[in-house]
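Overview (structure and organization)
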Amino acid sequence: MTAPNFTAILNQIDLPLDWLGLRYVEEIVTTRSARDGHPEMNRRSRQRGVMVEVLVNGQFAYAAIPEVHSKAIHQAIQHAYQQAKTAAPWRIFNFTAAARGKGKGHYRSPQQQPFDQLSPAEVNYLLRDICHSLRVSDAIVQTRAFVQTVETTSQWFSSDGSQIEQQFYQVLTDMSATAQGAGVVQQRTDHGGLARCYQGGLEWLRVDELRDRAHQIGEQAVELLSAQECPETTTTLVLAPDQMMLQIHESIGHPLELDRILGDERNYAGGSFIHLEDFGQRQYGSPLLNVTFDPTVAGELASYAFDDLGVPAERLYLIKEGRLLRGLGSLESQQRAGVPGVANARACSWNRPPIDRMANLNIEPGTQSFAEIIGTIESGVYMESNRSWSIDDRRLKFQFGCEYAKLIENGRLTRTLRNPNYRGTTPEFWQSLIAVGDASTFDIFGTPFCGKGEPNQAIRVGHGSPVCTFANVQVFGGG
């Protein structure tokens, strides 16, 4: 089935609307997984629908429908109009059409190898082989492997002339090995679990690399069984890019969302320690901290040309040389807050309205190689791959655990440590940033599980980072 003629529908509307938008989304998700070499899940789902947005007397209202035909869309527009008209006398802000973009254009994820180049059987054989590579010894008691592909088509039309079509192709992989011995259980995953998420095609399924990585994961899971417990101390902490992904997400991304700062998320996802007057003034971190909102990175999970309100997306600094410059807020939030934002109004599906979301948030590389960073540290701990996280509802105090660590002694990585954790408060932690790795240490990761909004929206985000070093951080052990 094809999408209806949205331009014709817009031209047929005879209602006193200040603005009207129609967003069509179709998504196909294929998920395959294996456990201990045996097929565990083979699932394919398809959904599609239309979100109607209207502006009446300064009030936005929405209606979502799975029936993708002209009559149903007309009925949804009428319903949204009545909702907006009824709510307008109690609006909290008098919006104008300037809260929506006027974009025209196309976007398509770079894809070298289409998804149909591998049959379901070939994907299942790959998952089986990954499980076998993970099982490096009898100490491995469980192995798992996972591949998911996502195809999304989004079309956006509005009464002020916006016409946008975007096609996204995404590949998500994961693997894990659980080892057991002498009363100890340790799990090692591929960079913290479902972190290897990218835009593109089957070129991201690098078979030989996946098998090699699986063997390494299995060996490290066994290695952790006899490793020393992470000591409790205050020391220099070096974080790998896969753990920096979570650090960026929780202590930079969420606190800078303007709708949280405005109080919209306080009931569910919480608020923020950041205030509107902090933008342009606050020193968020050390001068080495440079953070960009960058939906232009090829291959990163949340790249796009336009957000879901039709606003052209561009690379912008959120934090430059440690100074907080702008928030993660859409045109709608920017109107309310009066501070600069970005093109980040995003919805997880056809039946959700766009809200302020992260996309690609990256820490820009510095100048030091990994060897140079480690070589300057007399005593410290290096950590990889998130295992657990806890952060308060203002994104201020946090405690994160990792899967794998190494002791740093006299400029060298020495003993392996298990159950490594660290804690801190967001402002002090980013102020303690003392070294940022160069481009050779930079890597991009992603997650499909960023939750926010009522009703909940789990959305896909990307994070890139080099290796980073922090001074005087509390680290400790414990499962």
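Above this text is the structure in question.
Quantities reported herein were computed from a predicted structural model and do not represent experimental measurements.

1. Quick word on the pattern of salt bridges
Using the criterion set out here, one finds 23 salt bridges in the structure. Here E250 and R395 are joined by a salt bridge, their closest N and O atoms 2.2 Å apart. Within this pair, whereas E250 is found in helix α5 (residues 241-253), its partner R395 is found in the loop between β17 (379-391) and β18 (397-409), the two being separated by 145 residues in sequence. Of the residues examined, E250 reaches a relative accessible area of 8% and is grouped as buried. Taking the relative accessible area as the measure of exposure, R395 reaches 10% and is therefore buried.

2. Focus on the packing of helix α3 (residues 120-134) against helix α4 (residues 207-225)
Closest axis-to-axis distance for the α3/α4 pair is 7 Å, and the angle between their directions is 30 degrees. Remark: the crossing between α3 and α4 carries right-handed chirality. Of the residues in α4, those touching α3 at L126, D129, I130, S133 and L134 are V207, L210, R211, A214, H215, I217 and G218. Its residues placed into classes, the contact of α3 with α4 shows seven nonpolar, three polar and two charged.

3. Digging into unusual backbone geometry
Glycine aside, residues mostly have negative phi, and peptide bonds are mostly found in the trans state. P455 follows E454 through a cis peptide bond whose omega is 0 degrees. Here P455 shows up in the loop between β22 (443-452) and β23 (457-465). Residues other than glycine seldom take positive phi values, yet E321 does so here, at roughly 50 degrees. Inspection of the secondary structure puts E321 in the loop between β12 (316-320) and β13 (323-324). At N410, a residue that is not glycine, the phi angle is positive and equals roughly 50 degrees. With respect to the helices and strands, the residue N410 is situated in the loop between β18 and β19 (412-418). A residue is classified by how much of its surface remains accessible, and N410, at 63% relative accessible area, is exposed.

4. Some words on the state of the cysteines
A full pass over the atoms with the stated rule returns zero disulfides. No disulfide involves C230; its nearest neighbouring cysteine sulfur is the one of C402, lying 9.3 Å away.

Conventions adopted
- What you see as residue numbers is a count from 1 along each chain, following the sequence as written.
- Note on the predicted model: pLDDT of at least 70 is required for a residue's local features to be given, and 80 or more for side-chain atom pairs to be given and counted; whole-chain, interface and lining totals, by contrast, use all residues.
- As a rule here, side-chain values come from all non-hydrogen atoms in the structure, and water together with hydrogens is ignored.
- Throughout this description, the term salt bridge denotes a Lys or Arg side-chain nitrogen within 4 Å of a carboxyl oxygen of Asp or Glu.
- What counts as a helix is a DSSP run of H or I of at least four residues, what counts as a strand is a run of E of at least two, and both are numbered from the N terminus.
- A 1.4 Å probe rolled over the protein chains alone gives each residue an accessible area, and that area as a share of the maximum for its type sets the label: buried under 20%, exposed over 50%, partly exposed in between.
- Every axis corresponds to a line fitted to the C-alpha atoms, with the helix fit spanning only the stretch in contact, and the corresponding angles, defined between N-to-C directions, vary from 0 to 180 degrees.
- Here a crossing is called left-handed whenever its near helix is offset anticlockwise from the far helix by less than a right angle, and right-handed whenever the offset is clockwise.
- Working rule for contacts: check all heavy atoms of both residues, and any pair within 4.5 Å makes them a contact.
- Residue polarity is assigned by list, with Asp, Glu, Lys and Arg as charged and Ala, Val, Leu, Ile, Met, Phe, Trp, Tyr, Cys and Pro as nonpolar; anything else, Gly included, falls into the polar class.
- By definition, disulfides here are pairs of cysteine sulfur atoms that lie within 2.5 Å.

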